[in-house]
Structure formats: C-alpha cells, structure tokens
Amino acid sequence: ADIQNSINSANSGDTIKLNANTYVGNGTQITVNKSLTFDGTGSDGSKAVLDANDSSRIFYISGNYSVVFKNIIFQKARVNSPGCVIYQTTGNALTLTDCDIKDCYNRFTSNMNGYLIRGATYSNIQLSRVNVFNITLNSTRAVNGFLMSTLTYSKVKVENINFYNNFLYASSFANLNSLGQIVYGSSYSQIIGNDVCLKNNTFLSNGYLMGLGFYGG
C-alpha cells in the first residue's frame, strides 16, 4: 500500500498501520495534512522501514497537526534543506517512540538548522527510545541541531536516545559557530534531556562547537 494514499483516505485522529513492511520512496516526500499516528509495529515486534532511496525528504507536515510515529526505521533521507526526515511547518505535537534514524548523507553550502528533524514555532516535540546512527553531513557553513532544531517558544523532551557512529564536518569558512548537535532550540525554547548516550561520533568545525548536546537560545 502507498502511504500517501493511506493518508489521503484517512480521517483526522486515525492510526495508519504500516505492519513492519518496507516502503521505498519514489523521489517525492510524504505530505501529512491531518493529525495521525503511524504505527510500524509488526506481529513479531519488528519495525516498518521507510527508505527514501537517497532521493527525497520522508515526511512533510503541512499544517497545525499532531503527528505520532511509532516503531519505524527512517533511512536514506536526502534533501537540500532542513528536516530531511521530518519537516514541521506549524507548531503542534510531534512524537517519535521506538524509532531509528539511519544511513542519511548530504552536503550543504548554507547554514543548516535541524538536519534530520526541523520543528516549528510553538512545537511540542518528544522523542523516546530513538536510535540515530550512521548519519553523515558535510557543510561549508554552520550546523545547528544535527538531530533536531526548533523555532521560538517550543518545548522539546528527549529521553533514552542513542546517538552513535555519526559524522559532522562544518568547515564554516566564516568561522561560524555550530550549536547544539542533539537539539538546537531558538529563543524561549525549553529543552529537557534524559539518558542521552553519545558514542563514536565525530564533530568537526572551523568555528566553535557550542553546547555539543543541547543549545537553547
């Protein structure tokens, strides 16, 4: 089944069951235009795989909707703008539970806020039991929020996060600083982190790396 078709036919508040299937993208992002839950849990407890095939963003949340992702592997997302896995346009609740984000690669020549997940103003974002690994980003400018960034007046809670075998190089030819590589929060944001593990990561920058885990504006 096609995920976009399932979204289009769903009602707000529905749960779309992905049933541990593997979905390979066709170069077009999936647009979420209502409040939904995506559940990738298989009968044996395995996870659904959403593979963007190095050709697109995975999810674009187009408005003020509450969206939940459970038991999903997001992989091979690639787009020349923030939020290659999830881009949120308007603040609302965004929840990821028991998910993996892996095998994404890109190069950028402009400042990058929120490489994998880009939250909006007044967002309420929660990540729990999420693994992030084998992500590579090369940038000639500053990178703020390798995993996630939000805009002003947002609330972020991350817990039980494993962040490993990732590579960031921000050459920052203007010696721009790179801030908060787990979470970057803009002005008046609240960030709570519990049990966050960083292992075997490489972060390089010609400017300063400030608030390597978290940075609040």
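Residues numbered from 1 in each chain as written. Predicted model: local features only at pLDDT ≥ 70, side-chain atom pairs only at ≥ 80, totals over all residues. Heavy atoms only, no water.

## Some points on the packing of aromatic side chains
Argument step 1. In this structure the tally under the stated criterion is 15 aromatic pairs.
Argument step 2. With a centroid separation of 6.0 Å and 80° between ring planes, the pair formed by Phe-108 and Tyr-115 is classed as edge-to-face. Note on accessibility: Phe-108 and Tyr-115 belong to one class, buried.
Argument step 3. The structure contains a cluster of three or more aromatic residues connected by ring pairs, namely Phe-108, Tyr-115, Phe-146, Phe-163 and Phe-203. (Phe/Tyr/Trp six-rings, centres within 6.5 Å; stacked < 30°, edge-to-face > 60°. Buried < 20%, exposed > 50% of the residue type's maximum accessible area, 1.4 Å probe, protein only.)

## Thoughts on the sheet that holds strand 13 (residues 117-118)
Argument step 1. Taken together, the 7 strands give an open sheet; going across it, the order is 3-6-9-13-17-21-25, and neighbouring strands pair in parallel fashion. The strands lining the two open edges of the sheet, one partner per strand, are strand 3 (30-32) and strand 25 (214-216).
Argument step 2. Looking at chain direction, strand 21 (residues 183-185) and strand 25 are connected through 3 bridges and run parallel. Bridged to Gly-185 within strand 25 is Gly-216. (Pairing = 2+ DSSP bridges. Helix = DSSP H or I, 4+ residues; strand = E, 2+ residues; numbered from the N terminus.)

## As for the pattern of salt bridges
Argument step 1. Summed over the entire model, instances satisfying the criterion amount to 4 salt bridges.
Argument step 2. Where Asp-98 meets Arg-129, a salt bridge forms, and the shortest distance between an N and an O atom there is 2.6 Å. Of this pair, Asp-98 sits in strand 10 (residues 93-102) while Arg-129 sits in strand 14 (residues 124-133); the two residues are 31 residues apart in sequence, bridging distant segments of the chain.
Argument step 3. A salt bridge links Asp-103 to Lys-102; the nearest nitrogen and oxygen atoms lie 2.9 Å apart.
Argument step 4. Here Lys-102 falls in the buried class, since its relative accessible area comes to 18%. (Salt bridge = Lys/Arg side-chain N within 4 Å of Asp/Glu carboxyl O.)

## Topic: the sheet that holds strand 11 (residues 105-108)
Note: strands within a sheet are paired through backbone hydrogen bonds, in either parallel or antiparallel orientation.
Argument step 1. Overall, parallel pairing links the 4 strands, which are arranged 11-15-19-23 in an open sheet. Each edge of the sheet is formed by a strand with only one pairing partner; in this case those strands are strand 11 and strand 23 (202-205). Going from strand to strand, the sheet's axes swing by 5° on average, the running direction of each strand aside.
Argument step 2. Note: strand 15 (residues 136-139) against strand 19 (residues 167-170), 4 bridges, orientation parallel. By the bridge assignment for strand 19, Thr-136 is matched with Phe-167. (Axes fitted to C-alpha atoms, helices over the stretch in contact; angles between N-to-C directions.)

## Brief notes about the layout of surface pockets
Argument step 1. Within this model, the largest pocket holds a volume of roughly 260 Å³.
Argument step 2. Taken together, 16 residues form the lining of the largest pocket, with Val-24, Gly-25, Asn-26, Thr-28 and Ile-30 sitting closest to its centre.
Argument step 3. Residue assignment for the lining of the largest pocket shows that the elements contributing at least two residues are helix 1 (3-9), strand 2 (22-24) and strand 5 (48-51).
Argument step 4. Across the lining of the largest pocket, the residue classes tally to 7 nonpolar, 6 polar and 3 charged. (1 Å grid on protein atoms, 1.4 Å probe; cavity = no way out; pocket = protein on both sides within 12 Å on 5 of 7 lines; lining within 4 Å. Points joined across faces, edges and corners; volume = space filled by probe spheres on them. Nonpolar A, V, L, I, M, F, W, Y, C, P; charged D, E, K, R; others polar.)

## Some words on the pairing of strand 8 (residues 72-75)
A regular strand places its side chains on the two faces of the sheet in alternate fashion.
Argument step 1. Residues Ile-72 and Phe-74 of strand 8 are buried on one face, and the alternating residues Ile-73 and Gln-75, pointing to the opposite face, are buried as well.
Argument step 2. Where strand 5 and strand 8 come together, 4 bridges link them in parallel fashion. Following the sheet pairing, Leu-50 is matched in strand 8 by Phe-74.
Argument step 3. Across 3 bridges, strand 8 lies against strand 10 in parallel orientation. Note on strand 10: the bridge partner recorded for Phe-74 is Ile-101.

## Notes on unusual backbone geometry
Argument step 1. The phi torsion at Asn-71 lies on the positive side, around 55°, for a residue other than glycine.
Argument step 2. Along the chain, Asn-71 falls in the loop between strand 7 (67-70) and strand 8.
Argument step 3. The backbone of Asp-98 shows a phi angle near 55°, a positive value even though the residue is not glycine.
Argument step 4. When its relative accessible area of 22% is taken as the criterion, Asp-98 is described as partly exposed.

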